[in-house]
Amino acid sequence: MSAPAPPTTSTGSPAGGAHAWRGIIEEYRHRMPVADDTPAVTLREGGTPLIHSEHLSELTGCEVHVKFDGANPTGSFKDRGMTMAITKAKEAGNEAVICASTGNTSASAAAYAAKAGMTAGVLVPAGKIAMGKLAQAVVHGAQVIQIDGNFDQALTICRELAETEPVELVNSVNPYRIDGQRSAAWEVVDHLGRAPDVHVMPVGNAGNITAYWRGYREYRDDGIIDALPVMRGYQAAGSAPIVQGAKVEKPQTIATAIRIGNPASWSQALVAAEESNGSIRSVTDDQILQAFRLIARHGVFAEMASAASIAGLLQLHEDGELEPGQTVVCVLTGHGLKDPEWAMSGVDEPVTIPADLDAAAEALGLR
Ligand code: AN7
């Protein structure tokens with residue numbers, strides 16, 4: 001007779017306590033294009049919180065959850081794709097990777113390349129990326145090159161460099177990036193036990209909406225879910241090529257992460273919108289800023305581009321396009337700490353008082 005198995009908790013950890021999330025390649029290895037013995041280059045990305053929002057639910061009459069991907073190791077959803085892209089680049093014997101970025105891709109590429117012992121070259125639009133993102137690329141030791149131009153021009157240069165020079169491109173045109181980013185859709189379903197009715201997210205280069213749609217479809221094809229969400233993607237009004245049906249030569253928006261005029265996965269975004277009976281629309285910078293402040297006031301600090309999904313949700317509600325009781329997931333793609341400058345804009349400086357108990361009590365309105 002064999003000895004009884006050691007007691008386990010409901011999370012399956014023999015020692016009790018929480019199950020330690022192993023990163024998306026280990027957690028979903030059977031769904032990832034990696035061999036059984038491929039070592040994962042990981043910072044244990046993914047497993048991010050899906051947070052029920054009482055406030056947004058009350059506002060809209062739906063059950064609204066936010067997927068806070070700002071809780072990833074480098075503070076954005078890019079880590080999901082980067083763990084895959086760098087794992088595969090390393091396995092193939094590459095020593096250097098390159099990417100163009102509005103900030104988060106470069107931060108993530110820099111971190112994962114550093115973890116893998118590889119070098120990263122990143123091309124960013126000069127003066128147009130948030131300071132926190134630039135700092136990340138610098139501290140992780142990437143070669144940071146600012147170009148006097150926009151993201152689209154940087155991406156064109158990177159694509160050409162990857163053709164001719166010994167470097168691997170890790171923008172989302174690298175299919176492994178999309179493979180990794182599918183994991184976010186699976187996590188949403190694994191958490192909810194179903195797909196949401198409506199899935200709302202920001203759209204920039206359109207890699208992420210491509211990945212979510214693929215992720216949901218694969219779970220449907222495998223019988224894990226029987227219904228797919230309606231996909232609602234939001235561009236910033238000053239950078240809305242998909243909505244306008246034409247490239248934007250000089251994209252503008254305070255949401256610098258999605259300041260993109262010629263998305264690489266343009267057609268895939270349209271496929272996701274069409275196949276799901278959804279849409280790609282735009283929200284103004286003003287709507288984005290208001291949405292940013294609203295969720296921050298309810299405990300979630302996401303970056304400006306992420307707030308486009310909340311602005312989109314509110315617009316859907318105003319236009320009467322949500323049905324009461326629907327389950328809605330809004331993706332918050334990056335952390336608010338990336339760009340404290342915008343967070344502090346239009347906000348009064350905190351008061352300064354003497355280091356004194358009475359003064360503190362008074363200043364706090366407690367007396
Ligand atoms: C916070 O880092 O394109 O539609 O170079 O950082 O998949 O491009 C960032 C994009 C949304 C848009 N939210 O996602 C880059 C970059 C945040 C982002 C997007 C980005 P995609």
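Residues numbered from 1 in each chain as written. Predicted model: local features only at pLDDT ≥ 70, side-chain atom pairs only at ≥ 80, totals over all residues. Heavy atoms only, no water.

### Considering the packing of aromatic side chains
The geometry of two aromatic rings is summed up by the distance between their centres and the angle between their planes. As enumerated under the stated definition, the model contains five aromatic pairs in all. Ring plane angle 35° and centroid distance 6.2 Å describe the contact between tyrosine 212 and tyrosine 216, whose orientation is recorded as tilted. Separated by four residues within a single helix, tyrosine 212 and tyrosine 216 lie in helix α9 (residues 207–221), roughly one turn from each other. Assigned by exposure class, tyrosine 212 and tyrosine 216 land together as buried. Looking at arginine 31, its charged tip hangs above the ring of tryptophan 186, at a distance of 5.5 Å from the centre. (Phe/Tyr/Trp six-rings, centres within 6.5 Å; stacked < 30°, edge-to-face > 60°. Helix = DSSP H or I, 4+ residues; strand = E, 2+ residues; numbered from the N terminus. Buried < 20%, exposed > 50% of the residue type's maximum accessible area, 1.4 Å probe, protein only. Lys NZ or Arg CZ within 6 Å of the ring centre and 35° of its normal.)

### Some remarks on empty space enclosed by the protein
Gaps left between atoms are located by rolling a probe of water-molecule size over the structure's atoms. Under the counting rule described, the total for this entry stands at two cavities of 30 Å³ or more. The volume enclosed by the largest cavity comes to roughly 320 Å³. Along its surface, the largest cavity is lined by 27 residues, and Phe77, Lys78, Gly204, Asn205 and Ala257 are the ones closest to its centre. Of all the secondary-structure elements, those providing two or more residues to the lining of the largest cavity are α4 (104–116), α7 (175–181), β7 (198–202) and α9. Grouping the constituent residues of the lining of the largest cavity by class yields 10 nonpolar, 14 polar and three charged. (1 Å grid on protein atoms, 1.4 Å probe; cavity = no way out; pocket = protein on both sides within 12 Å on 5 of 7 lines; lining within 4 Å. Points joined across faces, edges and corners; volume = space filled by probe spheres on them. Nonpolar A, V, L, I, M, F, W, Y, C, P; charged D, E, K, R; others polar.)

### Section: the packing of helix α3 (residues 78–91) against α4
Close contact between α3 and α4 brings their axes to 9 Å; oriented N to C, the two are set at 40°. With respect to each other, α3 and α4 are oriented oblique. Crossing of α3 against α4: the hand is right-handed. Each of Lys78, Asp79, Met82, Thr83, Ile86 and Lys90 in α3 lies in contact with α4, whose residues at this interface are Asn104, Thr105, Ser108, Ala109, Tyr112, Ala113 and Ala116. Residues belonging to the contact of α3 with α4 are distributed by class as follows: six nonpolar, four polar and three charged. (Axes fitted to C-alpha atoms, helices over the stretch in contact; angles between N-to-C directions. Parallel < 35°, antiparallel > 145°, perpendicular 65-115°, else oblique. Left-handed = near helix turned anticlockwise from the far one by under 90°. Contact = heavy atoms within 4.5 Å.)

### Re the site of the ligand
Around the ligand sit 23 residues in total, of which Asn104, Thr105, Asn205, Ala206 and Thr333 are the nearest. Between the ligand and the protein, one listed contact pairs an oxygen atom with a side-chain N or O atom of asparagine 104 at 2.7 Å. Note that an oxygen atom of the ligand is positioned 2.7 Å from one of the backbone N or O atoms of threonine 105. Burial of the ligand by the protein amounts to 98% of the accessible area it has alone, namely 470 Å². Elements with a contribution of two residues or more to the shell around the ligand: α4 and α9. Its residues placed into classes, the shell around the ligand shows 10 nonpolar, 11 polar and two charged. (Near = heavy atom within 4 Å. Polar contact = N/O pair within 3.5 Å; in protein donor to acceptor, adjacent residues only side chain to side chain. Areas by Shrake-Rupley, 256 points an atom, 1.4 Å probe, with all protein chains shown as cover.)

### Section: the sheet that holds strand β4 (residues 119–125)
With parallel pairing, four strands are arranged side by side in an open sheet as β5-β4-β3-β6. Strands at the two margins of the open sheet, each flanked by one partner only, are β5 (143–147) and β6 (168–169). The pairing of strand β3 (residues 96–100) with β6 spans two bridges and is parallel. Pairing of valine 97 across the sheet is with glutamate 168, part of β6. Its contacts with the sheet put α4 on β3 and β4, and the angle it makes with β4 is roughly 170°. (Pairing = 2+ DSSP bridges.)

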